[in-house]
Amino acid sequence: MSRDGHSISRRQISENALKVLYRLNKSGYKAYLVGGGVRDILLGLEPKDFDVVTNATPDDIKKLFRNCRLVGRRFRLAHIVFGRDVIEVATFRGHHSESNDKVSKSNAEGRLLRDNVYGEIDEDAERRDFTINALYYDISDYSIRSYGGGINDLNARTIKLIGDPDTRYREDPVRMLRAVRFATKLDMQIDAVTADPIKALAPLLADIPAARMYEEVLKLFFAGKAEANYNMMQRFGLFAPLFPQVGALIEESPKGHAAKMLQVVMRNTDIRVSEDKTVTPAFFFAAILWYPVKQRADDIAIESGLTHYDAYVAAMGDVLEKQCLTISLPRRFSTPARDIWQLQLRLERGQGTRAFKLLEHPKFRAAYDLLLLRGEVEMGNIAKIAEWWKAFVEADETDRSDIAKSIKGSNSRNRNAPQRKRRRKPAAKPAEE
């Protein structure tokens, strides 16, 4: 498509991306803006990233740019660093024709473990995931090269995979999540042929490194489309492989507390994103994993006879350990999640004058927000406790004292905790004569 046939202007491309494109081009290399940057400009959206592809090798790129660092094992990439802005530059990928493990390697399921095979632009386009991402803006003449019907699919608002879907998903199961994310982000439909194998292949996500899956979760749930992504993931069976403990509870009780909490959390996360409020992985994981923690704590209390509090502490460790097998939650978020969980127990029995001390806890606000969500989900006594805390938090200093004093000590017990039965003392044996 020539310059006259499309709407992309260099004014819509970041200055740093243009610097990279021009330097590669002037050094005798082919250079293209590729993928999401081209796609989003054509759709009238503001691109989040500007990625570049070239026939220069990573070593060639490093020689051209002093501010370059090479990253990646699975596929070698060059990052050109301009302060906080990073332009990612990739070499054209080629087809796998060599058996050298240092260049390319896949496992028994077909997932690519190493992919440093270089080729030409036509091969690179065939290696891309979706047709709407196989769009190349040529800096030499400002034309667009579209492969696999990418422009047509963009106009038809259709997500279509390049190549055989079964093979492409096995090469990289994360493509199933990307199909969902693009469909909700761009308000498009997933092509029937592209969608057909997803449900059967969804368990392959369990084999993806947990650290990579954490990054995917941030993209899925922290970009304003959490509820839509969650609902589509459930339809395709993609949620349970990421959160197996939550998935098991939802399968056991499709309309239970865990299922309701997921919907509430996703909806609230989207609202916060739309209002430019902070959303943190610590709260997100604490909220969606609360009911697995609660169930595990109840099991531990019954099995071991531990106190209510100690059973919860043990359950927190168990649930986090199992979750980190599929999604690696950094300690800077897992530690606050524990604090939020522990505060649930204190909030349940902390009405009254003790509430002033809890109010000073650094994680009080997050724990309070989770309690409000629990009240919405569980109703009953937890809803009453949440209402009391809401009145207390929103009151001024004078009214807070009155609200705190209105609670008698006997009413501040945690009625949700399993109560131990008092053992009756055995009757005294009659003295032997």
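Look above for the structure.
Each value, and the rule that gives it
Residues numbered from 1 in each chain as written. Predicted model: local features only at pLDDT ≥ 70, side-chain atom pairs only at ≥ 80, totals over all residues. Heavy atoms only, no water. Helix = DSSP H or I, 4+ residues; strand = E, 2+ residues; numbered from the N terminus. Buried < 20%, exposed > 50% of the residue type's maximum accessible area, 1.4 Å probe, protein only. Pairing = 2+ DSSP bridges. Phe/Tyr/Trp six-rings, centres within 6.5 Å; stacked < 30°, edge-to-face > 60°. Lys NZ or Arg CZ within 6 Å of the ring centre and 35° of its normal. Core = buried A, V, L, I, M, F, W, Y, C linked by side-chain atoms within 4.5 Å. Contact = heavy atoms within 4.5 Å. Patch = residues over 30% accessible without salt bridge, like charges linked within 9 Å, V, L, I, M, F, W, Y side chains within 5 Å. Areas by Shrake-Rupley, 256 points an atom, 1.4 Å probe, with all protein chains shown as cover. Salt bridge = Lys/Arg side-chain N within 4 Å of Asp/Glu carboxyl O. Lys, Arg positive; Asp, Glu negative; His and termini not counted. Charge placed at Lys NZ, Arg CZ, Asp CG, Glu CD. Expected span 1.5 Å × (residues − 1). Axes fitted to C-alpha atoms, helices over the stretch in contact; angles between N-to-C directions.

A.B. asks: Help me understand the side chain of Glu 348 in this model?
C.D. replies: By the element assignment, Glu 348 lies in helix α17 (residues 331-349). Judged by relative accessible area, Glu 348 falls into the buried class, the value being 4%.

A.B. asks: Got a minute to help me understand the pairing of strand β4 (residues 77-82) in this structure?
C.D. replies: A regular strand places its side chains on the two faces of the sheet in alternate fashion. Where strand β3 (residues 68-71) and β4 come together, four bridges link them in antiparallel fashion. By the bridge assignment for β4, Val 71 is matched with Leu 77. Examined bridge by bridge, β4 and strand β5 (residues 85-91) share six bridges and lie antiparallel to one another. Bridged to Phe 82 within β5 is Asp 85. Linking β4 to β5, which pair antiparallel, is a turn of two residues; within it Gly 83 sits at a positive phi near 65°.

A.B. asks: Please explain the packing of aromatic side chains as it appears in this structure.
C.D. replies: Aromatic ring pairs: the centre-centre distance and the angle between the two ring planes describe each pair. Under the counting rule described, the total for this entry stands at 18 aromatic pairs. Measuring from ring centre to ring centre gives 5.3 Å for Phe 222 and Phe 284, while their planes differ by 90°; the resulting arrangement is edge-to-face. Of this pair, Phe 222 sits in the loop between α10 (210-221) and α11 (226-236) while Phe 284 is found in helix α14 (residues 281-288), placing the two residues 62 residues apart along the sequence. Note on Phe 222: relative accessible area 17%, which makes it buried. By way of ring pairs, the aromatic residues Phe 221, Phe 222, Tyr 230, Phe 239, Phe 243, Phe 284 and Phe 285 are connected into one cluster. When the ring centre of Phe 236 is taken as reference, the NZ or CZ atom of Arg 235 above it lies at 5.0 Å.

A.B. asks: Is there a simple way to think about the nonpolar core in this case?
C.D. replies: A general feature of soluble globular proteins is that nonpolar side chains tend to end up buried together. Residues Phe 221, Leu 238, Phe 243 and Trp 389 are the most contacted members of the largest nonpolar core, which totals 120 residues. Leave out the neighbours within four places in its chain, and Leu 238 touches Met 176, Leu 177, Val 180, Ile 198, Ala 202, Leu 205 and Met 233. Judged by nonpolar contacts, the second largest core, of ten residues, contains Val 53, Ala 134, Tyr 136 and Ile 162.

A.B. asks: Help me out: how do you make sense of a positive patch on the surface in this one?
C.D. replies: Taken together, the side chains of Arg 346, Arg 349, Arg 354 and Lys 357 define a basic patch exposed on the protein surface. Along the chain, Arg 346 falls in helix α17.

A.B. asks: Can you help me understand helix α13 (residues 257-274) in this one?
C.D. replies: Since the α-helix advances by 3.6 residues per turn, residues separated by three or four positions end up pointing in the same direction. When the terminal C-alpha atoms of α13 are compared, their 26 Å separation across 18 residues agrees well with the 26 Å that a helix rising 1.5 Å per residue should span. Regarding α13, the residues found buried are Ala 258, Ala 259, Met 261, Leu 262, Val 264, Val 265, Met 266, Thr 269 and Asp 270. In this fold, the buried residues of α13 make contact with α10, α11, α12 (244-252), α14, α15 (290-304) and α19 (364-378). Positive backbone phi, approximately 60°, marks Asp 276, located one or two places after α13.

A.B. asks: Whenever I open this one, the sheet that holds strand β9 (residues 144-146) confuses me. Can you help?
C.D. replies: Two modes of strand pairing occur in sheets, parallel and antiparallel, and in both the strands are linked by backbone hydrogen bonds. Strand order in the open sheet formed by seven strands is β3-β4-β5-β2-β1-β8-β9, and the pairing between neighbours is mixed. Lying at the two open borders of the sheet, with one neighbouring strand each, are β3 and β9. For this sheet, the mean inter-axis angle between neighbouring strands, taken without regard to orientation, is 30°. Contacting β1 (31-34), β2 (51-54), β4 and β5, helix α1 (residues 15-26) crosses the sheet at an angle of about 35° to β5.

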